[in-house]
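Breakdown of the fold
Here is how the chains run, residue by residue.
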Amino acid sequence: MKKVKVLNILVNPLNLKSGVNSIRTRIAEQGKGYVTVTGVHGVMESLRRPEVRDAHRAAWLTVPDGMPLVYIGRMFGHKEIDRCYGPDLMLAVMEDSVKHGYTHYFYGGQEGRAQELKQAMEQRFPGVKIVGTYTPPFRPLNEQEKQELIDQVRQLKPHIVWVGLSTPKQELFMHEYMPLLDTNVMIGVGAAFDFHTGHIKSAPHWMQRSALEWAYRVYQEPRRLWKRYFVNNPLFIWNFTLQLLKLRKYD
């Protein structure tokens with residue numbers, strides 16, 4: 001299926017159901033690859049930083065996290081495309097894994113958050129198999145920590161490693177560690193660890209479907225997120241307009 005070009009990255013025109021099916025098939029076929037769950041913020045980081053662009057391009061799947069990418073996909077004729085919101089994708093894959101028996105590992109979050117998430121998912125999905133967690137420091141892993149992670153994952157062999165870091169940290173992490181870890185799929189889901197443990201409240205569904213979730217997020221975390229939305233969003237609209245009118249080429 002032809003991908004959707006959004007500035008300098010390519011987005012798979014999937015929806016939640018087809019995304020879950022793709023992940024299940026990848027695991028069943030013993031394939032490897034990582035999934036970037038991408039919105040406007042990820043696209044703009046890719047435009048600014050070549051290493052982030054390369055991480056997106058090397059992904060097995062890049063799915064639309066935000067409604068702007070969904071609207072663009074539909075504009076280019078992909079009627080089936082819909083939002084693969086990170087927290088929703090996590091829940092859908094967790095539910096599917098109970099039926100099919102594949103296993104999970106949580107990497108990321110603040111101290112204790114991954115373990116908290118493990119307990120929340122085990123309570124929500126009886127029978128789900130979460131084989132391990134790892135809370136990284138707020139810096140790149142040193143050589144000892146890196147080897148400890150590699151060894152632990154090799155011992156546990158989870159089918160999926162969920163990465164709960166912010167964009168673009170999680171994309172860069174998956175790009176580096178996918179070849180090193182004994183797992184089939186890595187999925188970067190950003191703040192899903194915080195949403196599913198109750199530390200951040202999700203926007204109402206109508207705001208999510210109306211491309212207004214950004215306003216709700218800024219209201220919750222204004223200091224951290226104001227620049228992401230009030231700078232990135234206008235720049236994204238400007239750059240996409242240039243792409244649409246073929247006034248600028250994005251490679």
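Residues numbered from 1 in each chain as written. Predicted model: local features only at pLDDT ≥ 70, side-chain atom pairs only at ≥ 80, totals over all residues. Heavy atoms only, no water.

1. Some details on the overall build of the protein chain
Tallying secondary structure elements over the protein chain gives 13 helices and eight strands in all. Taking all 251 residues of the protein chain together, the buried fraction comes to 53%. For the protein chain, restricting intrachain contacts to residue pairs at least 6 apart in sequence, the fraction spanning at least 24 positions comes to 73%. Looking at the protein chain as shown, the accessible area adds up to about 12,300 Å², and 54% of this sits on carbon and sulfur atoms. (Helix = DSSP H or I, 4+ residues; strand = E, 2+ residues; numbered from the N terminus. Buried < 20%, exposed > 50% of the residue type's maximum accessible area, 1.4 Å probe, protein only. Contact = heavy atoms within 4.5 Å. Areas by Shrake-Rupley, 256 points an atom, 1.4 Å probe, with all protein chains shown as cover.)

2. Here we look at the packing of helix α1 (residues 16-28) against helix α5 (residues 86-100)
For the pair α1 and α5, interaxial distance at closest approach is 10 Å and the crossing angle is 45°. When the interaxial angle is binned, α1 and α5 end up oblique. The chirality of how α1 crosses α5 is right-handed. Contact with α1, carried on its side by Leu16, Val20, Ile23 and Arg24, involves Asp88, Leu89, Ala92, Val93, Asp96 and His100 of α5 and no other residues of that element. Tallied by class, residues from the contact of α1 with α5 come to six nonpolar, one polar and three charged. (Axes fitted to C-alpha atoms, helices over the stretch in contact; angles between N-to-C directions. Parallel < 35°, antiparallel > 145°, perpendicular 65-115°, else oblique. Left-handed = near helix turned anticlockwise from the far one by under 90°. Nonpolar A, V, L, I, M, F, W, Y, C, P; charged D, E, K, R; others polar.)

3. A short note on helix α8 (residues 169-177)
Taken residue by residue, α8 has Gln170, Glu171, Phe173, Met174 and Tyr177 as its buried positions. The buried residues of α8 occupy an angular sector of 165° when the element is viewed end-on, so they sit on one face. On its buried side, α8 packs onto β3 (33-38), α3 (50-57), β5 (103-108), α7 (143-156), β7 (160-164) and β8 (185-188). (Arc of directions from axis to C-beta.)

4. Concerning the environment of leucine 16
As for its placement among the helices and strands, leucine 16 is situated in helix α1. For the pair leucine 16 and leucine 89, spaced 73 residues apart in the sequence, the C-alpha separation amounts to 6.4 Å. The residues contacting leucine 16, other than those within four sequence positions of it, are Arg83, Cys84, Asp88, Leu89 and Ala92.

5. Focus on the packing of aromatic side chains
Under the defined criterion, the tally for this structure stands at six aromatic pairs. Aromatic side chains tyrosine 107 and tyrosine 134 sit 5.5 Å apart centroid to centroid with 5° between the ring planes, which places their arrangement in the stacked category. Of this pair, tyrosine 107 sits in strand β5 while tyrosine 134 sits in strand β6 (residues 129-134); the two residues are 27 residues apart in sequence, bridging distant segments of the chain. The pair formed by tyrosine 107 and tyrosine 134 is uniform in burial state, with each residue classed as buried. Taken together, Tyr107, Tyr134, Phe173 and Tyr177 form an aromatic cluster joined through their ring pairs. (Phe/Tyr/Trp six-rings, centres within 6.5 Å; stacked < 30°, edge-to-face > 60°.)

6. Let's talk about the confidence of the model for the protein chain
Averaged over every residue, the pLDDT of the protein chain is 91; residues scoring 70 or more account for 89%. Mean pLDDT in the protein chain bottoms out at helix α11 (residues 213-220), which sits at 62, and peaks at β8, which reaches 98. (pLDDT = per-residue confidence, 0-100.)

7. Examining the sheet that holds β7
Spatially, the six strands line up as an open sheet ordered β4-β3-β8-β7-β5-β6, and their pairing is parallel. The outermost strands of the open sheet, each flanked by one partner alone, are β4 (61-64) and β6. When strand polarity is set aside, the average angle formed by the axes of neighbouring strands in this sheet is 20°. Bridging between β7 and β8 involves four bridges; their strand directions are parallel. (Pairing = 2+ DSSP bridges.)

8. Digging into the pattern of salt bridges
Pairs can form between side chains of opposite charge whenever their charged atoms are close. The full count for this structure, using the stated rule, is 12 salt bridges. Residue arginine 24 pairs with aspartate 96 through a salt bridge whose shortest N-O separation is 2.9 Å. With arginine 24 in helix α1 and aspartate 96 in helix α5, this pair connects stretches of sequence that are 72 residues apart. Accessibility expressed as a relative area gives 7% for aspartate 96, which makes it buried. Aspartate 182 is paired through a salt bridge with lysine 157; the nearest N and O atoms lie 3.5 Å apart. You can see aspartate 182 sitting in the loop between α8 and β8 and its partner lysine 157 sitting in the loop between α7 and β7, a full 25 residues away along the chain. You can call aspartate 182 partly exposed: its relative accessible area is 34%. The partly exposed category is assigned to lysine 157, whose relative accessible area is 47%. (Salt bridge = Lys/Arg side-chain N within 4 Å of Asp/Glu carboxyl O.)

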